[in-house]
Amino acid sequence: MPRVQKIFYFDVTHAINAHDWIIRNSGGLEGMNNIGNLESPLGHIKNDDYYPNIENKLTHLVFAVNKNHAFTDGNKRSSIVLGAYFLELNGYDYAVTRFVRQMENIAVWVAKNTIGKELLGQIVYSLVFEDDYSEELKLEIVSRVEATEDQRQND
């Protein structure tokens, strides 16, 4: 019988405190735009029907915090820090440093719509469970970034 992993979650208060720490230590504007835009993804990731495994939950968490702008500032940074904490909380400590380092550019590309949720999910899976991105994933990331840059230059 397969072992079912218990998933641990954090609450809105932790997320707000983490965001406030980020702003105090790296700059930016304090405050919330809409607390519901934070409460919603924190609740949604608990639904195993929609997000059945750690990588689905992590992808949705990072994507939603990045894109929904719950905070006045620091949404990309908060998405990374909260994602890293979620990994640590669930015993994926080995992946935290790599996740944080790699997600810096990825978070910017998600915010710019260069990387969508599906590709983000592939990246998250690779960061957590693989030693390196596959060649196909590397090519897809480069392709998306180049296409976005070409589009911006033509606009």
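Model, not experiment: these values are computed from the prediction.

Undergrad: Could you give an account of unusual backbone geometry, with specific residues and numbers?
TA: We note that His 69 has phi near 50°; this positive angle belongs to a residue other than glycine. One can find His 69 in the loop between α3 (54-68) and α4 (75-89). In this structure, Asn 113 is a non-glycine residue whose phi angle is positive, near 65°. The residue Asn 113 is located in the loop between α5 (93-111) and α6 (117-129) in this model. Classification of Asn 113 by relative accessible area gives exposed; the value is 60%.

Undergrad: Outline the packing of aromatic side chains, supporting the account with residue identities and numerical values.
TA: Tallied over the entire structure, the rule returns 6 aromatic pairs. Note on Tyr 9 and Phe 86: the rings are 6.0 Å apart at their centroids and 35° apart in plane angle, and the pair reads as tilted. Residue Tyr 9 is found in the segment before α1 (12-26), and its partner Phe 86 is found in helix α4; the two are separated by 77 residues along the sequence. Aromatic pair Tyr 92 and Tyr 94: ring centres 6.1 Å apart, planes at 55°, arrangement tilted. Take Tyr 94: its relative accessible area is 55%, and that puts it in the exposed class. One Lys or Arg, Arg 98, reaches over the ring of Tyr 133 and ends 5.7 Å from the middle of that ring.

Undergrad: Could you give an account of the packing of α3 against α6, naming the residues involved and the relevant values?
TA: One way to put it is that α3 packs onto α6 with a least axis distance of 9 Å and a crossing angle of 125°. Taken together, the axes of α3 and α6 are oblique relative to one another. Here α3 and α6 pass one another in a crossing that is right-handed. Judged by residue contacts, Ile 54, Glu 55, Leu 58, Thr 59, His 60, Val 62 and Phe 63 of α3 engage Lys 117, Leu 120, Gly 121, Val 124, Tyr 125, Val 128 and Phe 129 from α6. A breakdown of the residues in the contact of α3 with α6 according to their chemical character gives 9 nonpolar, 3 polar and 2 charged.

Undergrad: Residue-level account of a nonpolar patch on the surface, with values.
TA: On the surface, Tyr 94, Tyr 125 and Phe 129 cluster together to form a nonpolar patch covering roughly 330 Å² of accessible area. By secondary structure assignment, the location of Tyr 125 is in helix α6. Its relative accessible area of 36% is what places Tyr 125 among the partly exposed residues.

Procedures and definitions
Residues numbered from 1 in each chain as written. Predicted model: local features only at pLDDT ≥ 70, side-chain atom pairs only at ≥ 80, totals over all residues. Heavy atoms only, no water. Helix = DSSP H or I, 4+ residues; strand = E, 2+ residues; numbered from the N terminus. Buried < 20%, exposed > 50% of the residue type's maximum accessible area, 1.4 Å probe, protein only. Phe/Tyr/Trp six-rings, centres within 6.5 Å; stacked < 30°, edge-to-face > 60°. Lys NZ or Arg CZ within 6 Å of the ring centre and 35° of its normal. Axes fitted to C-alpha atoms, helices over the stretch in contact; angles between N-to-C directions. Parallel < 35°, antiparallel > 145°, perpendicular 65-115°, else oblique. Left-handed = near helix turned anticlockwise from the far one by under 90°. Contact = heavy atoms within 4.5 Å. Nonpolar A, V, L, I, M, F, W, Y, C, P; charged D, E, K, R; others polar. Patch = residues over 30% accessible without salt bridge, like charges linked within 9 Å, V, L, I, M, F, W, Y side chains within 5 Å. Areas by Shrake-Rupley, 256 points an atom, 1.4 Å probe, with all protein chains shown as cover. Salt bridge = Lys/Arg side-chain N within 4 Å of Asp/Glu carboxyl O.

By themselves, these observations are geometric and do not establish any function.
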